[in-house]
Amino acid sequence: MAVLELTNISKHFGAIQAVNDVSFSIGAGQVVGLMGDNGAGKSTLVKMIAGNFRPSHGTMQLDGAELIMHRPIEARQHGIEIVHQDLALCNNLTAAANVFLGRELRRGVGPLRVLDYKAMYRRAGEIFRELKSETRPRDLVRQMSGGQRQAVAIARTMLSEAKIVLMDEPTAAISVRQVAEVLNLIRHLRDRGIAVVLISHRMPDVFDVADRVIVMRRGRKVADKQIGASSPEEVTGLITGAIEQV
Amino acid sequence: MAITLDQTIGQKQQSWLAKILGSQTFWVLIAVILACIFLSFATDSFATTKNLYNITRNVTFVAIIALGMTLVIITGGIDLSVGSVLCLCSMVLAVVMHAGYSIEVGIVASIGTALLIGAFNGILIAYLGFPPFVVTLGMLSIARSLAMVASNNTVVFEFGPDHDKLLALGGGAWFFGIANPVLYMIVLALITGFVLRWTRFGRYVFAIGGNEHAATLTGVPVKRIKVAVYMVSALSAGIAGIIQTGWLGAVTTNIGAGMELQVIAAAVIGGANLAGGAGTAFGALIGAALIEVIRNSLGLLGINAFWQGTFIGGAIVFAVLFDRIRNFRQSE
Ligand SMILES: Nc1ncnc2c1ncn2[C@@H]1O[C@H](COP(=O)(O)OP(=O)(O)OP(=O)(O)O)[C@@H](O)[C@H]1O
Ligand SMILES: [Mg+2]
């Protein structure tokens, strides 16, 4: 059964039709590559799934139940995690503070609950170790390299056991070694039965880990194929519009 | 020995000493201490109990509001209305008590006024997207005008049945001879410091100043926090107004005029960054202290009071210079 099912989802910003009548479903443990040119509507689509935007039209279903969200926190409560394209990091905070932003660990009782720095540093450290990233939980994000910043954003998705992880260009700024780590992480997620949506402009990454590829052009879905049944050439053609639709 | 991943992750970036030496607040504190030492030797009248009592008490009004202002500045905002809000809240207290109500009623009315103004500022800024500068500039004008309306532009110096209670509240020294306003300031600074470091609210205040968009995306209730921050700022002005009324024993419609600049100066000297994302409660106190020491010393050294603005302005530029130097060093 599908974990997530989108039916006729559209989103417009004023006159701009960012996403137009998109439907698809993802099963547990499936990795879907989402590709498309700049401005095709990929980020807008995953932001709707992550509760950042509400769709203008259409419905979303999670495990067969309708999914209506008003705030990003609700998406996380449903087990939907996202790595944002711009990473959504606060430079003036530490790595650990960024990882836990919006769901800080606290200790104490009632109104006298204070931030649990120790637990957050420890847990963030564990996650960075798991990601094999040399990122220190106590460092300010301001002073971090592109790869470390990406690790911080990815670490957020590992705080709780998710059902769906949405990754919006998670490999854009990182080294070859760390790309391999991220792709490995995606495989781990898949093996644990977690569905993954990977947005990427890098053809090899998508063909490496994805089971399926969805191509968007100007807000519309123009292809949805098993990886084995497609090829990089075909996907490139679909992205540019050389191939109209399959 | 090879450095393992675990060691790297476990490493602390800076020792606490490096952290202190790198902080603007620390160097401003040193400047305050040096100035005090210098003045104790250079003049006979600085290190007297009476003068120190005066200094510490004079610091408090600016310092208390600077605490609230620091929160606003950390979120990347600004509140220009605090001087006028202080005036309006003092006047509401004075008028209500003058009309024969108890001090409790007066304080509730005054605090209520402050919270209402703060909520008004905050809602316009957070929910309607007004620039903080414009909204609070408007409120600067509105609040003072309302104070004039409320009092018919007269001086109020009779506070009804609880007159003496009010004067004791602001003018007394209930604890080891420390002036009451100083006690309030210390308590409020401790609360502010605690909130900034140990609560989720404080964490969100910093997050909004660091990257408001990121805070929104990660589910921080940005709008509500912003409204709260402007309410705290107005509240701090209201509290300072109540205390000042008790201390002065009279309210005119020009108290607190121009105070917003001193308050912003104190916050900035103390390390609050107008671009957002940085600031401390302790810094606000230190900044206020430096301004007051400069003011006081000019008088004692017999320097024409017209120079005051030059020295305080110089202190603002100088304090931020440390921050710039540190940034230059890091970017090299
Ligand atoms: N908040 C917004 N307000 C108005 N228009 C928006 C907003 N977000 C996105 N758009 C518009 O929607 C369209 C799709 O944008 P989107 O960010 O989803 O593209 P994308 O496929 O992620 O592109 P890229 O590969 O460059 O990241 C663009 O035309 C963009 O200008
Ligand atoms: Mg995008």
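Every chain begins its residue count from 1, and numbering advances along the sequence as written. In the order they appear in the text, chains get letters beginning with A and ligands get numbers beginning with 1. Totals for whole chains, interfaces and linings use every residue, but because this is a predicted model, local features are given only for residues with pLDDT of at least 70 and side-chain atom pairs only at 80 or more, for both listing and counting. The side-chain numbers reported here are obtained from all heavy atoms of the structure, hydrogens and water having been left aside.

- Looking at an unreviewed UniProt entry, one finds chain B named ABC transporter permease, with Mesorhizobium zhangyense as its source organism.
- Quoted verbatim from the Subcellular location (unreviewed entry) field of the UniProt record, the comment on chain B reads "Cell membrane". UniProt positions are given in the numbering used here, feature names are shortened, and annotations may be inferred rather than shown by experiment.

- As recorded by an unreviewed UniProt entry, chain A carries the name Sugar ABC transporter ATP-binding protein and is attributed to Mesorhizobium zhangyense.
- According to the UniProt record, the Sequence similarities (unreviewed entry) comment for chain A reads "Belongs to the ABC transporter superfamily."

### Looking at the site of ligand 1
Residue and element names in this part refer to chain A.
Here is step 1 of the chain: The full set close to ligand 1 counts 14 residues, and G39, K42, S43, T44 and Q85 are the nearest of them.
Here is step 2 of the chain: At a separation of 2.6 Å, an oxygen atom of ligand 1 approaches a polar side-chain atom of T44.
Here is step 3 of the chain: Side-chain atoms alone can form a polar contact between residues adjacent in sequence; in general such a contact is a pair of N or O atoms within 3.5 Å, and within protein one must be able to donate a hydrogen while the other accepts it. In the model, an oxygen atom of ligand 1 is placed 2.8 Å from a nitrogen or oxygen of the Q85 side chain.
Here is step 4 of the chain: Surface burial for ligand 1 is 65%, taken as the share of its 640 Å² of free accessible area covered by protein chains.
Here is step 5 of the chain: Helix and strand assignments come from DSSP, with helices taken as H or I runs of at least 4 residues and strands as E runs of at least 2, each series counted from the N terminus. With three residues, the top contributor of residues to the shell around ligand 1 is helix 1 (residues 42-49). Being near a molecule or strand, for a residue, means having at least one of its heavy atoms within 4 Å of it. Note on areas: Shrake-Rupley, 1.4 Å probe, and residue coverage restricted to the protein chains presented here.

### A look at the pairing of strand 4 (residues 57-62) of chain A
Residues and elements named next belong to chain A.
Here is step 1 of the chain: Sheet analysis places strand 1 (residues 2-13) next to strand 4, joined by five bridges and oriented antiparallel. Residue L6 lies in a different strand from strand 4, and its bridge partner there is M60.
Here is step 2 of the chain: Being paired, for any two strands, means DSSP has found at least two bridges between them. As judged from the two bridges shared by strand 4 and strand 5 (residues 65-66), these two strands associate in the antiparallel manner. Bridging across to strand 5, Q61 finds its partner in E66.
Here is step 3 of the chain: Counting the residues between successive antiparallel strands, the hairpin from strand 4 to strand 5 contains two residues, one of them, D63, with a positive phi of roughly 50°.

### Some details on the coordination of the magnesium ion (ligand 2)
Residues and elements named next belong to chain A.
Here is step 1 of the chain: Coordination sphere of the magnesium ion (ligand 2), protein contribution only: S43 (OG) and Q85 (OE1), at 1.9 to 2.0 Å. Taken as a pair, S43 in helix 1 and Q85 in the loop between strand 6 (80-83) and helix 3 (95-99) lie far apart in primary sequence, 42 residues in all.
Here is step 2 of the chain: Look at Q85 and you get partly exposed, because its relative accessible area is 42%. For Na, K and Ca the donor cutoff is 3.2 Å, while for all other metals N, O and S atoms count as donors only within 2.8 Å; water does not appear among the atoms, so some sites may look incomplete. With a 1.4 Å probe rolled over the protein chains alone, any residue whose accessible area is under 20% of its type maximum counts as buried; one over 50% counts as exposed, and the rest are partly exposed.

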